[in-house]
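Chains, contacts and geometry: an overview
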Amino acid sequence: MEKRALITGITGQDGSYLAELLLGKGYVVHGVIRRSSSFNTDRINHIYCDPHDAEGRLFLHYGDLVDGTGLREILTRAKPDEVYNLGAQSHVHVSFQQPVYTVHTDALGTINLLEAIRDTHLPVRFYQASSSEMFGKVAEIPQTERTPFHPRSPYACAKVFSYWQTVNYRESYDMFAVNGILFNHESPRRGETFVTRKITRAATRIKEGLQKKLYLGNMDAKRDWGFAGDYVEAMWLMLQQDKPDDYVVATGQTHSVREFVEEVFGILGLDWNKHVEIDPRYFRPAEVDCLLGDAGKAHSLLGWEPRVTFKELAKLMTEADWQMAKRERLLADSGLAERP
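What follows concerns the side chain of Arg 197. Along the chain, the position of Arg 197 falls in helix α6 (residues 195–207). Take Arg 197: its relative accessible area is 5%, and that puts it in the buried class. In terms of polar contacts, Arg 197 uses its side chain to reach the backbone carbonyl oxygen of Arg 190, at 2.7 Å. Those residues within four positions of Arg 197 in sequence are excluded, and the remaining contacts are Ser 187, Pro 188, Arg 189, Arg 190, Gly 191, Glu 192, Met 317, Asp 321 and Met 324.

Now the structure itself:
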């Protein structure tokens, strides 16, 4: 029998890679998307099917994590074996500007979904997208599943709430519920306001003469960066185990924002010092200085290993954005688009 999965946040970076992975494994995939006045399915258009096509295996449902009744209806229609909760307001800087909205979506949204699963009595295996940001002001380096949390943003606080609610539902209701504590993971599908993609988009546009400067905040912040396509495999593996548990997913290497800038501008043959400036607006009210994960448990129990290195990731993202910048340059030169 075909397995069925439901993904919240399917139109995001992780959701799109996870949908590809599950479809490749023969799943029927259902995704939850929010209603918008503009199409927001760019990341999954290449795999999306007509919902009236009997051969199709990817179906989209309008819904929202803040609407518990709607979630129950979607679960009843989709009847998933696995639920991956990837939906969130996931931008840390934005969470300082919209803390209440972030908590409604990232914290209360999770408990809405857990309650919907419990009420429908479906034998679902549940994955919660937890975050390395929960460690915040880190108590130790590297961080493991046993490291205490010290969140330093509304986003991280909301994720800590969801983490413990997932554990609580596992222990209280014997639900197969797991947390994947994922460290930073990037790709050409990363949103353009996230720092890695902001860097590759700006650098390639600078290379093509489409802009002159890139403005950043704390360039000394260090992160454990991996490839999103690798990390969704760990999500799936967690739900294939005999017993539910929580896992750190990371590369075990840390690099500063400055190193990422140097790598990307180096690929393009540019001197980053001539183009990068610091803008205080991009500093966080409370900074997270160094995140470095120890994924030993995932290695030994899941058999998971990251495949894409830091340098390969930077090259992958730079080359994809360079192609985009070249197309923008052609449009600008042809007069079909205005150059900024």
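With that settled, the discussion passes to the pairing of strand β3 (residues 58–62). For β3, the tally of buried residues reaches 4 of 5 residues, placing the bulk of the element in the interior. By the bridge criterion, 5 bridges tie strand β2 (residues 28–33) to β3 in an arrangement that is parallel. When the bridges of β3 are listed, Val 29 appears paired with Leu 58.

Turning to the pattern of salt bridges, a few remarks are in order. Pairing is possible between side chains of opposite charge, provided their charged atoms come close. Per the counting criterion, the structure on display carries 22 salt bridges. Between Arg 190 and Glu 186 there is a salt bridge, with the nearest N and O atoms lying 2.8 Å from each other. Since its relative accessible area comes to 15%, Arg 190 is described here as buried. The class of Glu 186 is buried, set by a relative accessible area of 2%.

Moving on to the state of the cysteines. On inspection of all chains with the given rule, the structure shows 0 disulfides. Free cysteine Cys 157: the closest other cysteine sulfur is in Cys 290, separated by 20 Å. Residue Cys 157 is classed as partly exposed on the basis of its relative accessible area, which comes to 41%. For Cys 290, a relative accessible area of 16% translates into the label buried.

Further remarks concern the packing of α6 against helix α10 (residues 310–334). Put simply, α6 and α10 touch, their axes get as near as 8 Å, and they point 45° apart. Regarding the angle of α6 to α10, the classification is oblique. At the point where α6 passes α10, the crossing takes the right-handed sense. Touching Thr 196, Arg 197, Thr 200, Arg 201, Thr 204, Arg 205 and Lys 207 of α6 are Met 317, Thr 318, Asp 321, Trp 322, Met 324, Ala 325 and Glu 328, all from α10. Per-class residue counts for the contact of α6 with α10 are 4 nonpolar, 4 polar and 6 charged.

Here we take up α6. Here α6 spans 18 Å end to end across 13 residues, near enough to the 18 Å set by a 1.5 Å rise per residue. A large share of α6 lies buried, amounting to 11 of its 13 residues. Here α6 has its buried residues at Thr 196, Arg 197, Lys 198, Ile 199, Thr 200, Arg 201, Ala 202, Ala 203, Thr 204, Arg 205 and Ile 206. Elements in contact with the buried residues of α6: β7 (185–186), β8 (214–216), α8 (257–267) and α10. Just downstream of α6, Gly 209 is the residue with a positive phi angle, here 75°.

Residues Tyr 84 and Tyr 127 are the most contacted members of the largest nonpolar core, which totals 60 residues. If one sorts the elements of this core by residue count, helix α7 (residues 228–238) sits on top with 8 residues. Those residues in contact with Tyr 84 that lie beyond four places of it in its chain are Ala 5, Leu 6, Ile 7, Thr 8, Leu 18, Leu 22, Tyr 127, Met 235, Trp 236, Leu 239 and Gln 240. Listed in part, the 16 residues of the second largest apolar core include Leu 65, Leu 71, Leu 113 and Leu 114.

Take the side chain of Glu 186 next. For Glu 186, the location among the structural elements is in strand β7. Within the structure, the side chain of Glu 186 is placed 3.5 Å from the side chain of Trp 225, a separation counted as a polar contact. Dropping the residues within four chain positions of it, Glu 186 is found in contact with Gln 13, Thr 196, Trp 225, Gly 226, Phe 227, Ala 228, Leu 313 and Met 317.

Most of strand β5 (residues 125–131) is tucked away, with 6 of its 7 residues classed as buried. Note: strand β4 (residues 82–85) against β5, 4 bridges, orientation parallel. Paired with Tyr 84 across the bridge in β5 is Tyr 127. In this sheet, strand β6 (residues 176–182) lies alongside β5 in parallel orientation, the contact comprising 7 bridges.

Turning next to the environment of Leu 22. Mapping Leu 22 onto the fold places it in helix α1 (residues 13–24). You can call Leu 22 buried: its relative accessible area is 0%. Among all residues touching Leu 22, those that are not within four sequence positions of it are Ala 5, Ile 7, Tyr 27, Val 29, Tyr 84 and Trp 236.

Parameters and conventions
- Residues numbered from 1 in each chain as written.
- Predicted model: local features only at pLDDT ≥ 70, side-chain atom pairs only at ≥ 80, totals over all residues.
- Heavy atoms only, no water.
- Helix = DSSP H or I, 4+ residues; strand = E, 2+ residues; numbered from the N terminus.
- Buried < 20%, exposed > 50% of the residue type's maximum accessible area, 1.4 Å probe, protein only.
- Polar contact = N/O pair within 3.5 Å; in protein donor to acceptor, adjacent residues only side chain to side chain.
- Contact = heavy atoms within 4.5 Å.
- Pairing = 2+ DSSP bridges.
- Salt bridge = Lys/Arg side-chain N within 4 Å of Asp/Glu carboxyl O.
- Disulfide = S-S within 2.5 Å.
- Axes fitted to C-alpha atoms, helices over the stretch in contact; angles between N-to-C directions.
- Parallel < 35°, antiparallel > 145°, perpendicular 65-115°, else oblique.
- Left-handed = near helix turned anticlockwise from the far one by under 90°.
- Nonpolar A, V, L, I, M, F, W, Y, C, P; charged D, E, K, R; others polar.
- Expected span 1.5 Å × (residues − 1).
- Core = buried A, V, L, I, M, F, W, Y, C linked by side-chain atoms within 4.5 Å.

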